[in-house]
Structure formats: structure tokens, C-alpha cells
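# Observations on chain architecture
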Amino acid sequence: MGRVYVFVNQKGGVGKTTSAINIGAYMAEAGKSVLLVDFDSQANLSSGIGVENAKPGVYELISGSAPIDQVIRKTSTARLSVIPASIDLSGAAVELIEQEERDLFLKKALEPVRNHYDFILIDCPPSLGVLTLNGLAAADAVLIPMQCEYFAMEGLSLLMQTIKRIQKNLNPQLRIGGIFFTMFDQRTRLAQEVVRQVSAYFKDRVFRTIIPRNVRLSEAPSHGLPISQYDPSSTGARSYKSLAEEVIERGS
Ligand code: ADP
Ligand code: MG
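As a convention, each chain's residues are numbered from 1 in the sequence order in which they are written. Each chain is given a letter, starting from A, and each ligand a number, starting from 1, according to the order in which they appear as written. With pLDDT at 70 or above as the cut-off, local features in this predicted model cover only qualifying residues; side-chain atom pairs require 80 or more to be listed or tallied, and sums for whole chains, interfaces and linings still use all residues.

Named according to an unreviewed UniProt entry, the protein chain is ParA family protein originating from Breznakiella homolactica.

Shown next, in the form of C-alpha cells:
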């Protein structure tokens, strides 16, 4: 059975896209077949993984104008494929609002390929709008990247309320796959304090691996490569490899 994970945090710039690309790449390196789904009209995942022409992509898929085999592309990593997004997806957010079952478009669209992959990883935009709700409705579990900063806890409690609401209404199967820390700077006491507080509260739902701030991780997308290919010996690479292993381990 393929497992579907969605990366969600309504805050931008916390590492959703970076994590989807690099966890996906290390899952593929570990022998798993993986499909990345870019579900953000910013299309950072698509460009970060080296897709040059993103049409037809996920917008065409959910609006029914392209079949799924036409929107899945291979990447430079073996066993890692992607459904790209383009700016057209921003229009979908408006179109979807007017439709019945508007939160189930992505779930239905992915259904035919769900079992063709070991893992499907969905990258969401920085909001709790209709696209993110589609992501949450389609997933088995939600993975929450968190930056270690002062308002992190407040954001997390809003997200947890949304997840509860989804579990009640749209997707009773949805689990919290886990919370992980990104862009960690061990020199700051605040970062350490946030890790301590969140870990004390969420306990074993927090992954052991902490992703450090690492410039190589921020450079890799401009080369269209995951960190596993751009600089596999960097600390960013090693940490994402270890996080991918943890996600695989918890998922099975
Ligand atoms: P989101 O998808 O949540 O908006 P991104 O993954 O796009 O966040 O990350 C925001 C920015 O921070 C990007 O420019 C990315 O390259 C950079 N970045 C992400 N993770 C790290 C990290 N661990 N160290 C350094 N830069 C990072
Ligand atoms: Mg993003």
C-alpha cells in the first residue's frame, strides 16, 4: 500500500518544500519509489527538482484537462517522480471554492496511482486554504516542519485545530506523522528552548532528527537538484538522509 504524506505549515519559509524534495530524494535512494506532488502555485518544488516546463501539471490534473500519466515526470534521481505545479494553480483555489466536494479533488486525482508508489509526498502552500485542505484530505499522515522561533507554538496549535477538524469531517484516517525542526541554529538559546518546549508537549510525535541551518540546502534548488545529488557530504544532506530514514521507519 502506498503511503501519502502531506507537508503542512501555514507559515511560509519553514522548510516544507525543501523537506519534501530532500526526504523524497533520500527515500528514493533507499530503494523506495516516490512521487512528489507540487501543490503550491509558487511552484518552488517543481523548479527545485529541475522541472523546466511545468504544464501540464497538477492544475490540469485536478481540473480534468490532462490524464495522470501525462503529468507525472521523472527527475534526475532514480525512482523519484514529480507532478509539477505552475502559477495556474492559483486560479484553481478560486475555482474549487465554488464546487461541491471541493476538498476532495486531489485525493480523487491521485487515487489511480496511489499504489504505484511506496510514498507520495504532497507539498502545500503556506496557508490553510482550499489547496492545503485538499492535501490534508488526500493524505494518510501530516508531516509538520517547524522553524525554531518565538511564535512557533502559537502557529502549531492553530494547525492542530485544523487537523482535528479535518479528522472529524473529511479524513478520519489522517494521522499526525510527526513534527520536525528545520533551520536549527544551535547557537541560539531560543532555538534550544523551542525544541525543548515542543518536544515536552508533543513527545514521541517529534522526530529525533533536527535539520540544521545549512547553506548548501538553500543553494541546491537553484541547480534543480536535491541535496543528495548537489552535496551529499554536507550536514544538510546527512540530516535529511536521517530524517527520511525515520519517516520510512515510522510509516511501515
Ligand atoms: P516553505 O516551503 O515552507 O515556504 P522552503 O523549503 O521554501 O520553505 O524554505 C524557505 C527558504 O529557506 C528557501 O530559500 C530554502 O532554500 C531555505 N532553506 C530551507 N531549509 C533550509 C536549511 N535547513 N538551511 C538553510 N536554508 C534553508
Ligand atoms: Mg514551499
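Right, let's talk about the overall build of the protein chain for a bit. Helix and strand assignments come from DSSP, with helices taken as H or I runs of at least 4 residues and strands as E runs of at least 2, each series counted from the N terminus. Counting its secondary structure elements, the protein chain contains twelve helices and seven strands. A globule of 252 residues ought to have a C-alpha radius of gyration of about 18 Å, and the protein chain, at 17 Å, matches this closely. Taken along the three principal axes of its C-alpha coordinates, the protein chain extends 50 × 40 × 30 Å. Partly exposed residues are those whose C-beta has more than 12 but fewer than 20 other C-beta atoms within 10 Å; with 20 or more the residue is buried, with 12 or fewer it is exposed, and the C-beta atoms are placed from the backbone. Burial analysis of the protein chain (252 residues in total) assigns 48% to the buried set. Put simply, the radius of gyration uses C-alpha atoms, and a globule should come to 2.2 Å times the residue count raised to 0.38.

A word on the site of ligand 1. The C-beta atom of each residue is placed using the backbone, and any residue whose C-beta lies within 6 Å of a molecule or strand is treated as near it. Of all residues adjacent to ligand 1, which total 18 residues, the nearest are Lys-16, Thr-17, Thr-18, Leu-217 and Ser-218. Counting residues per element, the shell around ligand 1 draws most heavily on helix H1 (residues 16-29), at three residues. Under the grouping applied here, Gly and all other residues not named as nonpolar or charged are polar, the nonpolar ones being Ala, Val, Leu, Ile, Met, Phe, Trp, Tyr, Cys and Pro and the charged ones Asp, Glu, Lys and Arg. Across the shell around ligand 1, the residue classes tally to six nonpolar, ten polar and two charged.

One open sheet holds the seven strands; their spatial order is E3-E4-E2-E5-E1-E6-E7, and the pairing between them is mixed. Edge strands, defined here as strands with exactly one partner in the open sheet, are strand E3 (73-74) and strand E7 (175-182). Two residues qualify as a contact pair if the distance between their C-beta atoms, derived from the backbone, is within 7 Å. Lines fitted to C-alpha atoms define the axes, with helix axes restricted to the stretch in contact, and inter-axis angles between N-to-C directions lie between 0 and 180 degrees. Set on the sheet, helix H8 (residues 152-169) makes contact with strand E6 (141-147) and E7; between it and E6 the angle comes to about 165°. Whether two strands pair comes down to DSSP finding at least two bridges between them.

Let's shift gears to the environment of Phe-180. Along the polypeptide, Phe-180 turns up in strand E7. Contacts of Phe-180, omitting those with residues within four sequence positions, involve Pro-145, Met-146, Phe-207, Thr-209, Ile-211 and Leu-243.

One nonpolar core equals one set of buried Ala, Val, Leu, Ile, Met, Phe, Trp, Tyr and Cys residues connected by C-beta atoms within 7 Å. Counting residues in hydrophobic clusters, the biggest one holds 80 residues, and the most contacted among them are Val-6, Leu-36, Val-58, Leu-121 and Ile-122. Looking at this core element by element, the count peaks at seven residues for H1. Setting aside anything within four residues of it in sequence, one finds Leu-121 in contact with Tyr-5, Phe-7, Ala-20, Ile-23, Gly-24, Val-34, Leu-36 and Val-37.

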